[in-house]
Amino acid sequence: MARGGGRRGKRLKRLVRLRESGDQALTWDCGACRKEGLDVVRGCGPNTTAEPGYSHVTVLGQVFERCPKAWARDDAHAEAELLRQADALERWGVLPVAGGLDDQPAAFVDALDVIADAQTQARLALQRAQEARSRRG
C-alpha cells in the first residue's frame, strides 16, 4: 500500500475517522436492531444493502449507505485488522510479527502513518465542530 494511497488507504482513513468521531452508530446494539427490524433498514447483514434512501451521516459528515458498524465489519475488515494491530503497538508495544519494525509487513508499516494522519485530521475536525457549536450557543 503506497503511503495513504489506493482503496485500502481510503478505507483505513474512513475507518479511523469513524472511530475517532465517537459517532452514535458505534454504540448501536445489533441484537436490538434485529428485534426492531432496523437491520433490514440499515443493511446490517453480511452481503446486504440498506433499504433505498437510507443513509447515516456521522458527526464528522461521513455518509454511510449502510450501517457503519456493518461496513467496518464487512467492507473494511482488513483495515480494521491493521487498526487493531496499530492499537496493540500503541497500547502494549506489541508488533504483529516478531522482530523489529523492519520485520513487519509493509502494509502494517504504511498503515501506521495513515492512521496517525487520519487521527490528527479527525481530532482537529471534532475540535472545530465543537468550537462552532460553542459559538452558536
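Residues numbered from 1 in each chain as written. Predicted model: local features only at pLDDT ≥ 70, side-chain atom pairs only at ≥ 80, totals over all residues. Heavy atoms only, no water.

S.K.: So what exactly am I meant to see when it comes to the side chain of Glu-79 here?
M.R.: Relative to the helices and strands, Glu-79 is located in helix H5 (residues 77–92). Within the structure, Glu-79 has its side chain in polar contact with the side chain of Arg-11 (distance 2.8 Å). Sequence-distant contacts of Glu-79, defined by excluding residues within four places in its chain, comprise Arg-8, Arg-11, Leu-12 and Leu-15. (Helix = DSSP H or I, 4+ residues; strand = E, 2+ residues; numbered from the N terminus. Polar contact = N/O pair within 3.5 Å; in protein donor to acceptor, adjacent residues only side chain to side chain. Contact = heavy atoms within 4.5 Å.)

S.K.: Can you walk me through the confidence of the model for the chain in this structure?
M.R.: The predicted coordinates of low-pLDDT regions are not to be read in fine detail. When pLDDT is averaged along the chain, the result is 93, and 96% of the positions lie at 70 or above. For the chain, the element scoring lowest by mean pLDDT is helix H1 (residues 6–21), at 93; strand S2 (residues 63–64) scores highest, at 97. (pLDDT = per-residue confidence, 0-100.)

S.K.: Explain the nonpolar core to me, please; I cannot follow it from the model alone.
M.R.: One recurring pattern in soluble globular proteins: nonpolar side chains tend to sit buried together. With 16 residues, the main nonpolar core has Leu-12, Leu-15, Val-16, Trp-71, Leu-83, Ala-111 and Ile-115 as its most contacted residues. Top contributing element to this core by residue count: helix H6 (residues 106–136), with 5 residues. Membership of the second largest hydrophobic core comes to 8 residues, among which are Trp-28, Cys-33, Cys-44 and Ala-50. (Core = buried A, V, L, I, M, F, W, Y, C linked by side-chain atoms within 4.5 Å. Buried < 20%, exposed > 50% of the residue type's maximum accessible area, 1.4 Å probe, protein only.)

S.K.: What is the right way to read the pattern of salt bridges from this model?
M.R.: Between side chains of opposite charge, a pair can form when the charged atoms approach closely. Tallied over the entire structure, the rule returns 9 salt bridges. Across the salt bridge formed by Arg-11 and Glu-79, the nearest N and O atoms sit 2.8 Å from each other. Taken together, the residues Arg-11 in helix H1 and Glu-79 in helix H5 connect sequence positions 68 residues apart. According to the relative accessible area criterion, Arg-11 is partly exposed, its value standing at 23%. Here Glu-79 falls in the buried class, since its relative accessible area comes to 1%. Among the ionic pairs, Arg-19 bridges to Glu-20, the shortest N-O distance being 3.9 Å. (Salt bridge = Lys/Arg side-chain N within 4 Å of Asp/Glu carboxyl O.)

S.K.: Explanation requested: empty space enclosed by the protein in the structure shown.
M.R.: The gaps left among the atoms become clear once a water-sized probe is rolled over them. A complete count under the given rule lists 1 cavity of 30 Å³ or more for this structure. Reported here for the largest cavity is a volume of approximately 30 Å³. The wall of the largest cavity is formed by Trp-28, Cys-30, Cys-33, Cys-44, Cys-67 and Lys-69. Looking at side-chain class alone, the lining of the largest cavity contains 5 nonpolar, no polar and 1 charged residues. (1 Å grid on protein atoms, 1.4 Å probe; cavity = no way out; pocket = protein on both sides within 12 Å on 5 of 7 lines; lining within 4 Å. Points joined across faces, edges and corners; volume = space filled by probe spheres on them. Nonpolar A, V, L, I, M, F, W, Y, C, P; charged D, E, K, R; others polar.)

S.K.: For this particular structure, what's the right way to read the packing of aromatic side chains?
M.R.: A ring pair, where both rings are aromatic, is described by two values, the distance of the centres and the angle of the planes. A complete count under the given rule lists 1 aromatic pair for this structure. Taking 5.3 Å as the distance between ring centres and 65° as the angle between the ring planes, the aromatic pair formed by Phe-64 and Trp-71 counts as edge-to-face. Exposure class is identical for Phe-64 and Trp-71. Each is buried. A cation over an aromatic ring shows up here: Arg-14 above the ring of Trp-71, its NZ or CZ 5.3 Å from the ring centre. (Phe/Tyr/Trp six-rings, centres within 6.5 Å; stacked < 30°, edge-to-face > 60°. Lys NZ or Arg CZ within 6 Å of the ring centre and 35° of its normal.)

S.K.: Teacher, can you tell me more about H1 here?
M.R.: Each α-helix turn comprises 3.6 residues. Residues three or four places apart therefore point the same way. Over its 16 residues, H1 runs 23 Å from end to end, which matches the ideal 22 Å to within 8%, given 1.5 Å per residue. When we look at burial in H1, the residues that qualify are Gly-9, Leu-12, Leu-15, Val-16, Arg-17, Leu-18, Glu-20 and Ser-21. Two residues or fewer after H1 comes Gly-22, characterised by a positive phi angle close to 65°. (Expected span 1.5 Å × (residues − 1).)

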